[in-house]
Amino acid sequence: ADIAVDKSILRFDGQSANRQDVVVTNVGDTTAYVQVTPYLVKNPGTPEERREKVKNPKKAGLLVSPSKLALAAGGRKLVRFVNLKPARADEGVYRVAIEPVAGPVDATQTGLMVLVGYEVLVLASPVDPKAELVAERQGRTLTLRNAIGP
């Protein structure tokens, strides 16, 4: 399944609309089945960074729809991203996996199918962003972090 997306980074900055679309295109010659899975990124950019699958969009602050697509050869469909917390106090960081899944296979021989997926980085800025930059050096490593926030 050969798919492509038109954007890899989305920003919700409070100045723009609270919804954005990503176009998923099937550039192959057979039907592509696609699964869309949003993840909330906890502690982004730190050694404690981890991803949590979004089960409750209202609580997580991001709604992504639809979660499954079937694209005919050459077809295109929109995946809508909605920022459900436009007046947030802290930054929201999300990764949304857009991945083809193997559909029905009719083969008389053993074969190999390679499926390539994408991740869309979604950044949702707080209403009143604050920063207190702190620099720490350990040997040849310089670490910069924002002392304000989680």
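First, a word on scope: everything that follows refers to the structure included in this document. On a predicted model such as this, the values are computed, not experimentally measured, just so you know.

Bringing the overall build of the chain into the picture now. Along the chain, the regular secondary structure elements total 1 helix and 12 strands. When the elements of the chain are put in sequence order from the N terminus, they spell out β-β-β-β-β-α-β-β-β-β-β-β-β. What you see for the chain is a C-alpha radius of gyration of 19 Å, clearly larger than the 15 Å of a compact globule of 150 residues, by over 25%. Counting only C-alpha atoms, the chain reaches 60 × 40 × 25 Å along its principal axes. Burial analysis of the chain (150 residues in total) assigns 29% to the buried set. For the chain, the separation between the mean place of its 21 positive charges and that of its 16 negative charges on side chains is 4 Å.

Our next topic: the environment of A102. Secondary-structure assignment places A102 in the loop between β9 (92-101) and β10 (118-124). With relative accessibility at 52%, the residue A102 sits in the exposed group. Considering only alpha carbons, one finds A102 and M113, 11 residues apart in sequence, at a separation of 8.2 Å. Discounting chain neighbours no more than four positions away, the residues touching A102 are M113 and L115.

Our focus in this paragraph is the sheet that holds strand β3 (residues 19-26). Hydrogen bonds between backbone groups are what pair the strands of a sheet, and the pairing can be parallel or antiparallel. Pairing is antiparallel across the open sheet formed by 4 strands, whose spatial order is β1-β3-β8-β6. Of all the strands in the sheet, just β1 (3-5) and β6 (62-65) have a single pairing partner and so form its edges. This sheet shows a mean twist of 20° between the axes of neighbouring strands, independent of strand direction. Of the pairings in the sheet, the one linking β3 to strand β8 (residues 76-83) comprises 7 bridges and is antiparallel in character. Within the sheet, the bridge partner assigned to V24 lies in β8 and is K77.

Residues L112, V114 and V116 make up a contiguous nonpolar surface patch of about 340 Å² in total accessible area. Mapped onto the fold, L112 is located in the loop between β9 and β10. A relative accessible area of 79% places L112 in the exposed class.

With that settled, consider the pairing of β6. Here β6 shows a clear split, with L62 and V64 buried on one side and none of L63 and S65 buried on the other. Both β6 and β8 contribute to a ladder of 4 bridges, which runs antiparallel. Directly across from V64, in β8, lies its bridge partner F81.

Before going further, it helps to spend a moment on the pattern of salt bridges. Tallied over the entire structure, the rule returns 6 salt bridges. Notably, a salt bridge pairs R145 with E136, separated by 3.4 Å at the nearest N-O pair.

Reading the values: rules and limits
Residues numbered from 1 in each chain as written. Predicted model: local features only at pLDDT ≥ 70, side-chain atom pairs only at ≥ 80, totals over all residues. Heavy atoms only, no water. Helix = DSSP H or I, 4+ residues; strand = E, 2+ residues; numbered from the N terminus. Rg over C-alpha atoms; globule rule 2.2 N^0.38 Å. Buried < 20%, exposed > 50% of the residue type's maximum accessible area, 1.4 Å probe, protein only. Lys, Arg positive; Asp, Glu negative; His and termini not counted. Charge placed at Lys NZ, Arg CZ, Asp CG, Glu CD. Contact = heavy atoms within 4.5 Å. Pairing = 2+ DSSP bridges. Axes fitted to C-alpha atoms, helices over the stretch in contact; angles between N-to-C directions. Patch = residues over 30% accessible without salt bridge, like charges linked within 9 Å, V, L, I, M, F, W, Y side chains within 5 Å. Areas by Shrake-Rupley, 256 points an atom, 1.4 Å probe, with all protein chains shown as cover. Salt bridge = Lys/Arg side-chain N within 4 Å of Asp/Glu carboxyl O.

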